[in-house]
Structures are given as structure tokens and as C-alpha cells.
Amino acid sequence: ERGNFAPSAPGGEAAAEDPARSENHSHQLQSLQDENARLREDVRAANEWMSMAVTRMEEMGNENESLSRALEEARANAKVGSSANAEAISLRNEIQRIQRDADASRISVQNDLKAKDEQISQQQVTMRNLETKIQEMSQSLNDVALTTAQTEELASLKKANKEAEEWIASAVKHV
């Protein structure tokens, strides 16, 4: 459906006389707008997920630091007796378990971030394709008498596309 633009007749005569063509362009423009909105939502969701993953990793790091301090305290108190030594061993085992969990989570988050990076890259390509389609439609629509509302909608779509590209560029920098 997208990209099926018939070349206009010389002088734009056929385009100006063909209301069905104008309606088709309007439908294609609406489709592009819907796709752009969907891409924006996907990028927003990816950004939320990345924020959650970073927060979780920070929490695990804080917990690891806390347990490490507790282990050091337990080692200092180990001089008192074997019960403190048993507690130190227990804490050491707990720290090792948390470190394994943190490592597994880190690997999972890294893999998920790679997947999100690929999604963002694919969405950037899609957005560039949409921008090309918008430019093509804009040129094609130059042959058709545009209403003020259609002209404003096209400008709004271009602005929204640019903002989405800037947002994705910003998101990629944070990844």
C-alpha cells in the first residue's frame, strides 16, 4: 500500500482532476501518521524498560556492597569465636549467591539491551523510510490542490518525525 505513487501527468493536470488520487494520498498520509505514532510508543516503552533495568542493577549493586560490608564486619568479629566464623561463612555464601544472581541479571540485561538497540536501529530505518515517503507524498501533493488543514497536518507530521528522530538519537546515546 505504501510507496505506490503513480507519476503525475505533465503540468499536474491529471492530478488536479482526479479526486480519487487526492483521497488516496490522504489515506497514505494517515497510514504514515499511524505508523509514526506506533514507532513513538515502541521507543517510549523501550526507554521505560531500560530505565527499570538500570535501576534494578543499581539495587543489586547496593545490596552486594551492603553484604560485603557485613562480611568484613563478620571477619573482624571472627576472632571472638567459631560462631562468628560460621556467620562469616554464611555471609560469604550469601554474597557469592548474590554475585552469581547479579552476573546472571547483568548478562540478561546486556542481551536485552542489545535486542532493544536492534529494535531502535530498525525503528530508525523505518522512520527514515517514513520520512522519504513523506517527502515523496509532499512532492506528489504539490500537484494536487492542498487544503490548509492538509498542509498543516503535513508540517506537523514532519515536525513529529524530526522530534522522534532526535528522541531516538538521545536514547541511543544513553544506551
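Residues numbered from 1 in each chain as written. Predicted model: local features only at pLDDT ≥ 70, side-chain atom pairs only at ≥ 80, totals over all residues. Heavy atoms only, no water.

Asker: So what exactly am I meant to see when it comes to the overall build of the protein chain here?
Answerer: When helices and strands are counted, the protein chain shows four helices and zero strands. Reading the secondary structure of the protein chain in the N-to-C direction produces α-α-α-α. Sorting the 175 residues of the protein chain into buried and exposed places 26% on the buried side. Pairs at least 24 residues apart make up 82% of the contacts formed inside the protein chain by residues separated by at least 6 positions. For the protein chain, the accessible area works out to roughly 11,300 Å², and carbon and sulfur atoms hold 48% of it. (Helix = DSSP H or I, 4+ residues; strand = E, 2+ residues; numbered from the N terminus. Buried < 20%, exposed > 50% of the residue type's maximum accessible area, 1.4 Å probe, protein only. Contact = heavy atoms within 4.5 Å. Areas by Shrake-Rupley, 256 points an atom, 1.4 Å probe, with all protein chains shown as cover.)

Asker: Help me out: how do you make sense of the nonpolar core in this one?
Answerer: Generally speaking, a soluble globular protein has its nonpolar side chains buried in company with each other. With 15 residues, the main nonpolar core has Leu29, Leu32, Met127, Ile134 and Ile168 as its most contacted residues. If you list the elements that add at least two residues to this core, you get helix H2 (19–77), helix H3 (82–141) and helix H4 (148–174). Not counting chain neighbours up to four residues away, the residues in contact with Met127 comprise Asn36, Leu39, Asn161, Ala164, Glu165 and Ile168. The next biggest cluster of nonpolar side chains, apart from the first, holds seven residues, and it includes Leu67, Ala74, Ala88 and Ile95. (Core = buried A, V, L, I, M, F, W, Y, C linked by side-chain atoms within 4.5 Å.)

Asker: What should I look at first to understand the environment of Gln135 in this one?
Answerer: Locating Gln135 in the fold gives a position in helix H3. Given the relative accessible area of 45%, Gln135 is considered partly exposed. Spatially, the C-alpha atoms of Gln135 and Leu154 are 9.6 Å apart, while their sequence positions differ by 19 residues.

Asker: Sorry if this is basic, but what is going on with the pattern of salt bridges here?
Answerer: Side chains that carry opposite charge are capable of pairing whenever their charged atoms lie near each other. Applying the stated criterion across every chain yields a total of ten salt bridges. Among the ionic pairs, Glu65 bridges to Arg69, the shortest N-O distance being 4.0 Å. Highlighted residues: Glu65 and Arg69, both in helix H2, separated by four residues, approximately one helical turn. Overall, Glu65 belongs to the partly exposed group, its relative accessible area being 47%. Among the charged side chains, a network of salt bridges with common partners joins Glu35, Arg38 and Asp42. (Salt bridge = Lys/Arg side-chain N within 4 Å of Asp/Glu carboxyl O.)

Asker: Explanation requested: the side chain of Gln123 in the structure shown.
Answerer: Tracing the chain through its elements places Gln123 in helix H3. Among the polar contacts listed, one links the side chain of Gln123 to the side chain of Asp42, at a separation of 3.4 Å. In this structure Gln123 touches Leu39, Asp42 and Val43, once residues within four positions along its chain are discounted. (Polar contact = N/O pair within 3.5 Å; in protein donor to acceptor, adjacent residues only side chain to side chain.)

Asker: In this structure, what is going on with the packing of aromatic side chains? I would like to understand it.
Answerer: The description of two aromatic rings rests on the distance between their centres and on the angle between their planes. For the structure shown, the criterion picks out zero aromatic pairs. Taking NZ or CZ as reference, Lys116 lies 5.9 Å from the ring centre of Trp49, over its face. (Phe/Tyr/Trp six-rings, centres within 6.5 Å; stacked < 30°, edge-to-face > 60°. Lys NZ or Arg CZ within 6 Å of the ring centre and 35° of its normal.)

Asker: What is the right way to read the environment of Ala53 from this model?
Answerer: Note that Ala53 resides in helix H2. Taking C-alpha positions, Ala53 is 9.6 Å from Gln110, a pair spaced 57 residues apart along the chain.

Asker: I would appreciate a short explanation of the side chain of Gln33 in the present structure.
Answerer: As for its position among the elements, Gln33 is in helix H2. Look at Gln33 and you get buried, because its relative accessible area is 12%. Excluding anything up to four places from it in sequence, Gln33 contacts Glu153 and Leu157.

Asker: Hey, could you run me through the environment of Asn47 in this one?
Answerer: Residue placement: Asn47 occurs in helix H2. Look at Asn47 and you get partly exposed, because its relative accessible area is 31%. Distance in space between the C-alpha atoms of Asn47 and Val172 is 9.7 Å, their sequence separation being 125 residues.

Asker: Any chance you could explain the confidence of the model for the protein chain here in plain terms?
Answerer: Averaged over the protein chain, the pLDDT score is 78; the fraction of residues at 70 or greater is 78%. Here helix H1 (residues 13–17) stands out as the least confident element of the protein chain, with mean pLDDT 47; H2 is the most confident, with 85. Ignoring residues within four places in sequence, the model shows residues 1–16, a span with pLDDT below 50, making 23 contacts including any to other chains. (pLDDT = per-residue confidence, 0-100.)

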